[in-house]
Amino acid sequence: MRSAMRGALRAVRLMAAAAVGTGSCAEAGAGAGPKRPRPEPPPRIGTHDGTFHCDEVLACYLLRLLPRYRDAEVVRTRDPQRLAQCDVVVDVGGEYDPERHRYDHHQRSFTQSMQSLQPDKPWTTKLSSAGLVYCHFGSQILAGLLGQPEDGPVVTALYDKLYENFVEEIDAIDNGIAQAEGEPRYAVTTTLSARVGHLNPRWNNPDQDTEAGFKRAMELVGGEFMERLDYYHGAWLPARALVEAAVRRRFEVEASGVVLELPQGGCPWKEHVFSLEQELALPDPIQLVLYPDQGGQWRVQSVPTAPHTFQSRLPLPEPWRGLRDEALSHLTGIPGCVFVHASGFIGGNRTREGALEMARRTLAQRHGVGAQSG
């Protein structure tokens, strides 16, 4: 009886409170203040449920870097009605429609690449949901993170760098595109896509809930994206000015003009060399690079034939390879030699002069003169 009475009194109080809030203008003026507008519901990012992959994980993470989606709820479902209520949908739904923020790539009609959507870009790899989101929002995301103009040189350079060295790999793996033709010599099983895949429940695990794993995957992918951005912005991009300065004074180092010296040390130089060779239309490609190591000794390193290959343009002479210290100095006739790698891509000397002489002897052997004898 008492519980029923308490329930009735509670109902009366609620009704009275409702009446105060919804009464006439006169009553409202005498009592409560103006009504507060209802807060807008947070935006929703839709993607598929079940087994998750690196591309939609990265797509969701990137979208939440945008101010408009910062507090967005990620709705994981394949229900068309629930997806229709989402503000943006990635990797599900069978639609690519940027006007409506639908970014799926699984439909047979989808053939888009970065180049097809932005003709000034060179990449022809078919886009996944990650690539689509990056293509449409990447510059805006980077500009916001770095506090730089969206069309400025910093954002432009890092946009290209992050696609080529981070996002494109995810696009290719998700779309089943191999790195090269033929049977690979060994398996690569530690890619970001592979590590995301391992966060899914095992096939024989009784608990097949993927929500916790998806959140862990977003942390993993987001952390790697931000670390990569920090490295490219803080280390890779500043190195370009140093490499360009070295290119412009290369003839002061060696008369042929194909040897660079980086006196500040081993900054990331390879890709800058390739791009500067094209931009400055160098008549002869750079062959060797000199720089001091952290211990104060000097290295002489061959420029690779391409950014992602182990093949060298001009490896150090074959008889030097694998030798060290006195044995190497005796063979070359150059004091202070430390080592030459077994593949010939790099060698070391205790002094700048010694490393430069190793470079000159390597160039001389390329032209068939000055061959070394023991």
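In this convention, every chain numbers its residues from 1, walking through the sequence in written order. Note on the predicted model: pLDDT of at least 70 is required for a residue's local features to be given, and 80 or more for side-chain atom pairs to be given and counted; whole-chain, interface and lining totals, by contrast, use all residues. Note: side-chain values were computed over all heavy atoms of the structure, leaving out hydrogens and water.

(A) View of the sheet that holds strand β9 (residues 337–340). Across the sheet, five strands lie side by side as β6-β7-β8-β10-β9; this open sheet has mixed pairing. Two strands bound the open sheet, and with one partner strand each, they are β6 (259–261) and β9. Taking the axes of each pair of neighbouring strands and ignoring which way they run, one obtains an average angle of 20° across the sheet. Direction of pairing for β9 relative to strand β10 (residues 346–349): antiparallel, over a ladder of three bridges. Pairing of C337 across the sheet is with N349, part of β10. Note on pairing: DSSP must find at least two bridges between two strands before they are called paired. Numbering of helices and strands starts at the N terminus; helices are DSSP runs of H or I of at least 4 residues and strands are runs of E of at least 2. Orientation is described by axes fitted as lines to C-alpha atoms, over the contacting stretch for helices, and by angles from 0 to 180 degrees between their N-to-C directions.

(B) Quick look at the nonpolar core. Only buried residues count toward a nonpolar core. Its members are Ala, Val, Leu, Ile, Met, Phe, Trp, Tyr and Cys residues joined through side-chain atoms within 4.5 Å. When accessible area is computed with a 1.4 Å probe and restricted to protein chains, residues below 20% of their type maximum are described as buried, those above 50% as exposed, and intermediate ones as partly exposed. Among the nonpolar cores identified, the biggest contains 52 residues, and L63, Y134, L142 and F225 are the most heavily contacted of them. When residues of this core are traced back to their parent elements, those giving at least two are α3 (54–63), β3 (88–90), α6 (129–146), α7 (153–174), α8 (192–197) and α9 (211–248). At ten residues, the largest contribution of residues to this core is made by α6. Ranked by size, the runner-up nonpolar core spans 20 residues in total, among them V253, V259, W298 and C337.

(C) Examining the confidence of the model for the protein chain more closely. When pLDDT is averaged along the protein chain, the result is 90, and 89% of the positions lie at 70 or above. The pLDDT value expresses, per residue, how confident the predictor is, ranging between 0 and 100. Should any heavy atoms of two residues lie within 4.5 Å, those residues are considered in contact. This stretch, residues 1–31, has a pLDDT under 50; its non-local contacts, to residues over four places away or in other chains, come to two contacts. This stretch, residues 369–374, has a pLDDT under 50; its non-local contacts, to residues over four places away or in other chains, come to eight contacts.

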